[in-house]
Amino acid sequence: MPEVVLDGLTRRFGETTALAGIDLVILDGAFAVLLGPSGCGKSTTLRLIAGLDTATSGRIRIDGTDVTDRPPAKRGLSMVFQNYALFPHLSVAENILFGLKVRRVPAADRRRRLERAADILGLGALLGRKPSQLSGGQQQRVALARAIVAESRLCLMDEPLSNLDAKLRAEMRHEIRDLQRRLDMTMIYVTHDQAEALSMADQVVLMRDGRIEQDAAPAELYERPATAFAASFVGTPPMNLLPLDASPHGLVVAGTSGPVLAETPGGHLSDLVVGVRPEALLPGAGPGFPVTVTDLDYQGADTVLVCDLGGHNLLARVPGHAAAAQGSELQLTCAATDLAFFSAADGRRVALSAVDPANQPHILGGVV
Amino acid sequence: MARPVGDPCMDRRLLTTIYAWLLLLPAMVLLVAFTHYPTVATFWASFFSTARGRRPASFLGLDHYRRMITDDPVFLQVVWNNFLYALVTIPLSIGIALVMALWVNERLAGRGFLRMAYFTPTVLPMVAAANIWLFFYTPGFGLLNQIIALFGGPDVNFLGSPETALWSVMAVSVWKEAGFFMIFYLAALQSIPPSLKEAAKLEGASDFHYVRRIVLPLLMPTTLFVLVNAVIGAFRVVDHIVAMTGGGPSNASSLLLFYIYETGFKFWDTSYAAALTVVLLAVLITVSVLQVTVLDKRIHYR
Ligand SMILES: Nc1ncnc2c1ncn2[C@@H]1O[C@H](COP(=O)(O)OP(=O)(O)OP(=O)(O)O)[C@@H](O)[C@H]1O
Ligand SMILES: [Mg+2]
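So, about the site of ligand 1. Residue and element names in this part refer to chain A. Every residue near ligand 1 is listed here: Phe13, Ala18, Ser38, Gly39, Cys40, Gly41, Lys42, Ser43, Thr44 and Glu159. Contact distances for ligand 1 include 2.6 Å between an oxygen atom and a side-chain N or O atom of Ser43. The contact in question runs from an oxygen atom of ligand 1 to an N or O atom on the side chain of Thr44, over 2.5 Å. When ligand 1 sits alone it has 620 Å² of accessible area, and the protein chains cover 58% of it. For the shell around ligand 1, the leading source of residues is helix α1 (residues 42-50), giving three residues. When the residues that make up the shell around ligand 1 are grouped by side-chain class, the tally is three nonpolar, five polar and two charged.

See below:
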């Protein structure tokens, strides 16, 4: 079973450390997505797994066997390159069959596999064409076909959809996901697009500066980001992160006098950050964050309100064409469970007992 | 007398046409004066005898061409020499260029130095290169003879004996051309995305298989270009013949263009030289047309 295990994987290029000792387990049959900003080491990780690059230290195991020192062809995997890497002088059929010919697979077997791959990907009518006579999406499909005729159970993809337009990308996302399930492959897929990662993955590996920031299922990554970075990388728009200050009744957003979001923790009360998703914020009649709407960003199904809260930007995503006008003041509210707290120093999540912004007992009992 | 009122649209088109011709004029003048007119004049002159003293040129028809085939052993030898020269130097220099390019395209220590070293002969003027090789070939104390002597071999007069003269000249030409062609191959190699090699490697292809099945086909357009240049070059060389052997001994190393030069400017038989030039032109045109029509179709995959 092609389970992939990375053990302290490190890659340095002279002074720069592209990968700083990564430990990762990708389960058999999983669709794992390596996600992260540009330069975080996603491609490096993928190339090390493929054997196209050599690790400075650390081990790679595929299917229980240590493959760290094996050449790429002996690792039992296939790969789809970002630029597809199709051979421009060969026809689609020859491109797909290149590897099988190299491996001296018998002709009858080759024909059967070609037919199957062409069938799965709808390439039947294009087999005689040269890559330059194909559209981007078709080239992408040829690259996929070349990866699946190998019938290896582990497939690597490096940003395969980045050259396609939005509509085709959505289509191909679905197709790739479907293909992976149908052929029961283990997939390691690189992207810097968090929406793509959330929609496709069983397991999202969020990377930053050559380290793994969080390794979790998409829902968990979205709902329980382990760090401020994870919170700010995932979601459209990403989570609001606001610095906190102590007030007599508890922690409030710096520069405001309320609402209180958490009880002041004993000991380290300095440098905390609160996170709240834009879609968790609702314009309510009752008490909440008192904000001024500074801008509106209409997106069709919903509208992003750009608000000002004590000098900080706060984004709220509300359904439909929002009623709020620019410059208007309103109260945004959310549940206590929508609040996440992070240490400003290292970005780690901090467990605090949150207070519901709409339900402020101390205020009700006291000042008002 | 009313002037007919011109259609403004027509006027404009006329003006555009005049502009176009004016813009083409400088290049046209140069081409006509130095390429087209001489070509036609040469062709025309080849049907006449050379005017000498009081005797004016007289029309001879195809006599010059008949003379080449039936009555000019030197011409036949020179054509054979040139044919041999092309047949040996072209594949050899292209082959060496390709191997050198593949070699210096690899990531290896000192590859910048290697590239420069291979390219140096190209930068030298042919006459300078010829002089360097003149020293290598010198009987007695030349570099090659010193090496041969080291192994106890006999002294060889490379440029002075009919058996070795042409081969020695060929060696210089290969040495000089290979570096030049290498640059074209190198440029083409660098335009092949590295991911093709990685894809081939992933599929289990060996380096040899990759070069044979992927690199060589992708280099074909470059090869065609280099080939056209090499063929034209092989029929156009005189510099090192002049500098090294003067076509000798007894025409053993003479080539077509050198023979034309001798006929025209040493023996002053200019109209026979014109006929020889027409033959040279015919060869070059045939070769280029063949290469561009027949080979091109089988090479361009885009
Ligand atoms: N061959 C190399 N030589 C030197 N540094 C390199 C090399 N390849 C990658 N790096 C460095 O390693 C780091 C990680 O690169 P990598 O290509 O893995 O990023 P990535 O996450 O794939 O980014 P992107 O999303 O832009 O493709 C970068 O800082 C990069 O500059
Ligand atoms: Mg990358």
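We are not done yet, so read on.
In this section: the interface of chain B and chain A. Contact residues are listed per partner, giving 18 residues for chain B and 21 residues for chain A. For the pair chain B and chain A, the summed buried surface comes to about 1,800 Å²; carbon and sulfur atoms form 69% of the total. At the junction of chain B and chain A, the tally comes to two salt bridges. Ionic pairing is found between Glu198 of chain B and Arg47 of chain A, a salt bridge with its closest N-O pair at 2.8 Å. Linking chain B to chain A there are four residue pairs in polar contact (both at pLDDT 80 or more). Elements with a minimum of two residues in the side of chain B that touches chain A: α8 (194-202) and α9 (207-234) of chain B. The dominant element in the side of chain B that touches chain A, judged by the number of residues it contributes, is α8 of chain B, at seven residues. Of the residues in the side of chain B that touches chain A, the class split is ten nonpolar, three polar and five charged.

All names here are of chain A. Summarising the model, chain A shows a mean pLDDT of 88, and 96% of its residues fall at 70 or more. Per-element mean pLDDT across chain A ranges from 57 in helix α9 (residues 361-365) up to 96 in strand β3 (residues 31-35). Ignoring residues within four places in sequence, the model shows residues 364-368, a span with pLDDT below 50, making four contacts including any to other chains.

Core analysis: the biggest nonpolar cluster contains 90 residues, and Leu156 and Ile188 of chain A have the highest contact counts within it. Top contributing element to this core by residue count: helix α3 (residues 73-105) of chain B, with twelve residues. In this view, Leu156 of chain A contacts Leu46, Ile49, Ala50, Leu77, Ser78, Met79, Val80 and Ile188 of chain A; residues no more than four positions away in its chain are not counted. Within the second largest apolar cluster, 47 residues are counted, among which are Leu100, Leu134, Leu183 and Val234 of chain A.

Our focus in this paragraph is the packing of aromatic side chains. Applying the stated criterion across every chain yields a total of 19 aromatic pairs over all chains. Ring geometry for Tyr137 of chain B versus Phe158 of chain B: centroids 5.2 Å apart, planes at 40°, classification tilted. Separated by 21 residues along the polypeptide, Tyr137 of chain B in helix α5 (residues 126-137) and Phe158 of chain B in the loop between α6 (143-150) and α7 (162-190) bring together distant segments of the chain. You'll find Tyr137 of chain B and Phe158 of chain B in the same group, each marked buried. Taken together through their ring pairs, the aromatic side chains of Trp133, Phe135, Phe136, Tyr137, Phe158 and Trp175 of chain B make up a single cluster. Over the ring of Tyr222 of chain A we find Arg277 of chain A, and its NZ or CZ is 4.2 Å from the ring centre. The cationic tip of Arg67 of chain B hangs over the ring face of Tyr272 of chain B; the distance from NZ or CZ to the ring centre is 3.6 Å.

To continue, consider the pairing of strand β19 (residues 340-343) of chain A. Residue and element names in this part refer to chain A. Burial along β19 is two-sided: Ala340 and Phe342 facing one way and Phe341 and Ser343 facing the other are all buried. Of the pairings in the sheet, the one linking strand β13 (residues 272-276) to β19 comprises four bridges and is antiparallel in character. Looking at β19, one finds that Val274 is bridged to Phe341. The pairing of β19 with strand β20 (residues 349-350) spans two bridges and is classified as antiparallel. Among the inter-strand pairings, Phe341 is bridged to a residue of β20, identified as Val350. Where β19 folds back onto β20 in an antiparallel hairpin, the turn is made up of five residues, including Gly347, whose phi is positive at roughly 80°.

What counts and what doesn't
- Residues numbered from 1 in each chain as written.
- Chains lettered and ligands numbered in written order.
- Predicted model: local features only at pLDDT ≥ 70, side-chain atom pairs only at ≥ 80, totals over all residues.
- Heavy atoms only, no water.
- Near = heavy atom within 4 Å.
- Polar contact = N/O pair within 3.5 Å; in protein donor to acceptor, adjacent residues only side chain to side chain.
- Areas by Shrake-Rupley, 256 points an atom, 1.4 Å probe, with all protein chains shown as cover.
- Helix = DSSP H or I, 4+ residues; strand = E, 2+ residues; numbered from the N terminus.
- Nonpolar A, V, L, I, M, F, W, Y, C, P; charged D, E, K, R; others polar.
- Contact = heavy atoms within 4.5 Å.
- Buried area = accessible area lost by both parts, 1.4 Å probe.
- Salt bridge = Lys/Arg side-chain N within 4 Å of Asp/Glu carboxyl O.
- pLDDT = per-residue confidence, 0-100.
- Core = buried A, V, L, I, M, F, W, Y, C linked by side-chain atoms within 4.5 Å.
- Buried < 20%, exposed > 50% of the residue type's maximum accessible area, 1.4 Å probe, protein only.
- Phe/Tyr/Trp six-rings, centres within 6.5 Å; stacked < 30°, edge-to-face > 60°.
- Lys NZ or Arg CZ within 6 Å of the ring centre and 35° of its normal.
- Pairing = 2+ DSSP bridges.

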